[in-house]
Amino acid sequence: MLTMVKRNASHYVSRVFRGARIAGVCALLTLNAVPSVFAAQRVIVNEAHIEVSDQSQRTQQAALKEALKQVFVKMSGSTVVLDNAGVKAALRTPQAMLRSYRFDFDGNRTYYVAEFDNTKLTELLQREMLPLWGDRRPETIVWIAQDVSDEDKRIILEESSQSELTLTLKQTAKERGIPLSLPLMDLTDNVNITTYDVWGRFVEPLQTASVRYGIDNIIGARVYKNDPTVIPELPETVVASGTVDSLEDVLDSEPARMSDNNVERDTPEGVTNSNSDISADSDVISADSDVISADSDVMKETEVGDNAALGMAETNANTQTQPLAPFTMDEFTHYAKRADEGDFALDWVFIGGGKVSYGSIYGDTPELLASELVDAYSNYLSSLYAVVGIDASKREVLTVSIANVGTIGSYASVKAYLNSLSVIESATLIEQSGTVATFALTLVGTVDDLLNSVRLETKLRPVTDAHGESVEGHSFYWSN
């Protein structure tokens, strides 16, 4: 495909490049690339792994339908798409979307692996005006402190852990297409952070310990038994579920939060294992204090995020004045109301995009909580990055200028990259001035969708002038 692009475009592009070697170069010498990007990975969105008990034809048929369901959810970022009539019709004949299948084996487990036609899936989601989430996904690191009551200690779950909670967390993340990792908890981590830091959901220590991983999105959580007869030892100053603050404000107020606690912070002496035992004389509070009722002021403030978190709401930059909290989904409100019914609780903090959000969920097992956490987080990310289709007659054509496109090879790379973004229907070169290429982009989403997509990688960087002011129009710098 790349060879075809080069062959078809080489004559025109060569002529354009020869015609304007000097014009426009001087203007870009004063521009600086703005590194406003996030750590991201490319995931395989059109493939699913389904565990099966055997390889019979009947089992394969059931697994094929389940695999297509999983792919639809992964490509859209939301389970809501499964209620769409067009998606339901496709699920009745999943073989029409199938490209190939195979069986994988992991120990005693057998998996049916199905790969579906990405083009057909994309066309269906766009035709039905459903969210479409590209294969570039932001990376996330999760710090979880678990209360192991039967061993009278708390531990920080690490990447190599084989606990059921860890395996469920990773499996759900894989099914939803979320690049998610746990800390190594090696010598460096044990020096940088303690169990108390994670248990208290303190933002500054979580940020500091995450720097080495180069990941911008951070989740901190604590998991404990929600037993009314055993009050868990939690930090004295509790942030209510549903609270959304700016990162700057939280960092300013956090030293007071930490100093107000009577639980001493586990400071390593030389090298201390952060997976330390519970202090018997720690102050305690009721877990119910971390639950917020649905009719509270905070919930009213964040109700606007409910539909957006499902990736189905329209984006309007002029109306989004309130911060959008992750995880503000209906199911979390439901869990908060039945706090006494869940055997376990999970309190989380999300750090990302200059915001800090807090919340709690409840469930019958730690594994269920892990699955609910990832599902809700995936819904939140899809509200940011999934593109809701626009009718063909209303699609906007946006003109963008891209610097550092000085060869036919770089032109081909830029065009291939632009066409790979789910928000772009087509990209056409309309002008070349020196090393600045001007493209006309037909968008299936909004301009904000485009900007969100390019921020996930360093390939296209917005540029500013020498004074740090944004350049008029949409100008980018291409990084080969």
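Residues numbered from 1 in each chain as written. Predicted model: local features only at pLDDT ≥ 70, side-chain atom pairs only at ≥ 80, totals over all residues. Heavy atoms only, no water.

*Asks:* Break down the pattern of salt bridges for me, citing the residues and quoting the values.
*Replies:* Taken as a whole, this structure holds 13 salt bridges when the rule is applied. The partner of Glu-457 in a salt bridge is Arg-136, with the nearest N and O atoms 2.2 Å apart. Highlighted residues: Glu-457 in the loop between α16 (447-454) and β19 (460-464) and Arg-136 in strand β7 (residues 136-138), separated in sequence by 321 residues. Its relative accessible area of 6% is what places Arg-136 among the buried residues. Put simply, Arg-42, Asp-135, Arg-136 and Glu-457 are held in one network by salt bridges that share partners. (Salt bridge = Lys/Arg side-chain N within 4 Å of Asp/Glu carboxyl O. Helix = DSSP H or I, 4+ residues; strand = E, 2+ residues; numbered from the N terminus. Buried < 20%, exposed > 50% of the residue type's maximum accessible area, 1.4 Å probe, protein only.)

*Asks:* Kindly report on the packing of helix α3 (residues 57-76) against helix α4 (residues 85-92), identifying the contributing residues and their values.
*Replies:* Across the interface, α3 lies against α4 with an axial gap of 9 Å and an inter-helix angle of 150 degrees. It follows that α3 is roughly antiparallel to α4 by the angle criterion. Here the hand of the crossing between α3 and α4 comes out right-handed. Of α4, the residues touching α3 (which contributes Lys-65, Leu-68, Lys-69 and Phe-72) are Val-87, Ala-90 and Leu-91. Residue classes in the contact of α3 with α4 are distributed as five nonpolar, no polar and two charged. (Axes fitted to C-alpha atoms, helices over the stretch in contact; angles between N-to-C directions. Parallel < 35°, antiparallel > 145°, perpendicular 65-115°, else oblique. Left-handed = near helix turned anticlockwise from the far one by under 90°. Contact = heavy atoms within 4.5 Å. Nonpolar A, V, L, I, M, F, W, Y, C, P; charged D, E, K, R; others polar.)

*Asks:* Summarise the packing of aromatic side chains; cite the residues concerned and give the values.
*Replies:* Two descriptors summarise a pair of aromatic rings, namely the distance from one centre to the other and the angle between the planes of the rings. Applying the stated criterion across every chain, the model contains eleven aromatic pairs. Aromatic ring contacts, followed pair by pair, group Tyr-101, Phe-103 and Tyr-112 into a single cluster. Its guanidinium or amino end placed over the ring of Trp-133, Arg-137 lies 3.7 Å from that ring's centre, counting from NZ or CZ. Of note, Arg-154 hangs over the ring of Trp-199, and the distance from its end group to the ring centre comes to 4.0 Å. (Phe/Tyr/Trp six-rings, centres within 6.5 Å; stacked < 30°, edge-to-face > 60°. Lys NZ or Arg CZ within 6 Å of the ring centre and 35° of its normal.)

*Asks:* Give me the packing of α3 against helix α6 (residues 164-176): which residues, what numbers.
*Replies:* A pair of packed helices can be characterised by two numbers: the angle between their axes and the separation between those axes. Between α3 and α6, the shortest axis-to-axis distance is 7 Å and the interhelical angle comes to 80 degrees. Taken together, the axes of α3 and α6 lie roughly perpendicular to each other. Across the interface between the two elements, Gln-70, Val-73 and Lys-74 from α3 touch Lys-174, Glu-175 and Arg-176 from α6. Taken together, the residues of the contact of α3 with α6 sort by class into one nonpolar, one polar and four charged.

*Asks:* Lay out the side chain of Arg-137 in plain terms, naming residues and giving numbers.
*Replies:* Looking at where Arg-137 falls in the secondary structure, it is placed in strand β7. One buried charged side chain, Arg-137, makes no salt bridge at all; its nearest oppositely charged neighbour is Asp-135, positioned 7.0 Å away. At 2.7 Å, the side chain of Arg-137 forms a polar contact with the backbone oxygen of Gly-134. Of the polar contacts made by the side chain of Arg-137, one reaches the backbone oxygen of Arg-176; its length is 3.4 Å. Setting aside anything within four residues of it in sequence, one finds Arg-137 in contact with Ala-39, Ala-40, Gln-41, Val-43, Val-45, Lys-74, Met-75, Arg-176, Gly-177 and Pro-179. (Lys, Arg positive; Asp, Glu negative; His and termini not counted. Polar contact = N/O pair within 3.5 Å; in protein donor to acceptor, adjacent residues only side chain to side chain.)

*Asks:* Give a description of unusual backbone geometry that names residues and reports values.
*Replies:* Trans peptide bonds make up most of the peptide bonds, and negative phi angles are found at most residues other than glycine. The backbone of Met-185 sits at a positive phi, close to 55 degrees, despite the residue not being glycine. Within the secondary structure layout, Met-185 lies in the loop between β10 (180-181) and α7 (187-192). Residues other than glycine seldom take positive phi values, yet Asn-404 does so here, at roughly 70 degrees. Checked against the element boundaries, Asn-404 lands in the loop between β16 (397-403) and α15 (408-420).

*Asks:* How would you summarise the sheet that holds strand β4 (residues 98-106) if you had to cite specific residues and measurements?
*Replies:* Judged by pairing direction, the sheet is antiparallel, and its three strands sit side by side in the order β3-β5-β4 without closing on themselves. Looking at strand neighbours, the two that pair on one side only are β3 (47-52) and β4, the edges of this open sheet. If you compare each strand with its neighbour and ignore which way they point, the axes differ by 25 degrees on average. Where β3 and strand β5 (residues 109-116) come together, six bridges link them in antiparallel fashion. In the sheet register, Glu-47 faces β5, and the bridge partner there is Glu-115. The strands touched by α3 are β3, β4 and β5; relative to β3, the strand with the most contacts, the crossing angle is about 140 degrees. (Pairing = 2+ DSSP bridges.)

*Asks:* Help me get a handle on the nonpolar core, residues and values and all.
*Replies:* Judged by nonpolar contacts, the single largest core of 28 residues is most densely connected at Ile-144, Leu-169 and Leu-346. In terms of residue count, the dominant contributor to this core is helix α14 (residues 366-385) (eight residues). The residues contacting Leu-346, other than those within four sequence positions of it, are Ala-221, Arg-222, Val-223, Gly-359, Ser-360, Ile-361, Leu-369 and Leu-373. (Core = buried A, V, L, I, M, F, W, Y, C linked by side-chain atoms within 4.5 Å.)

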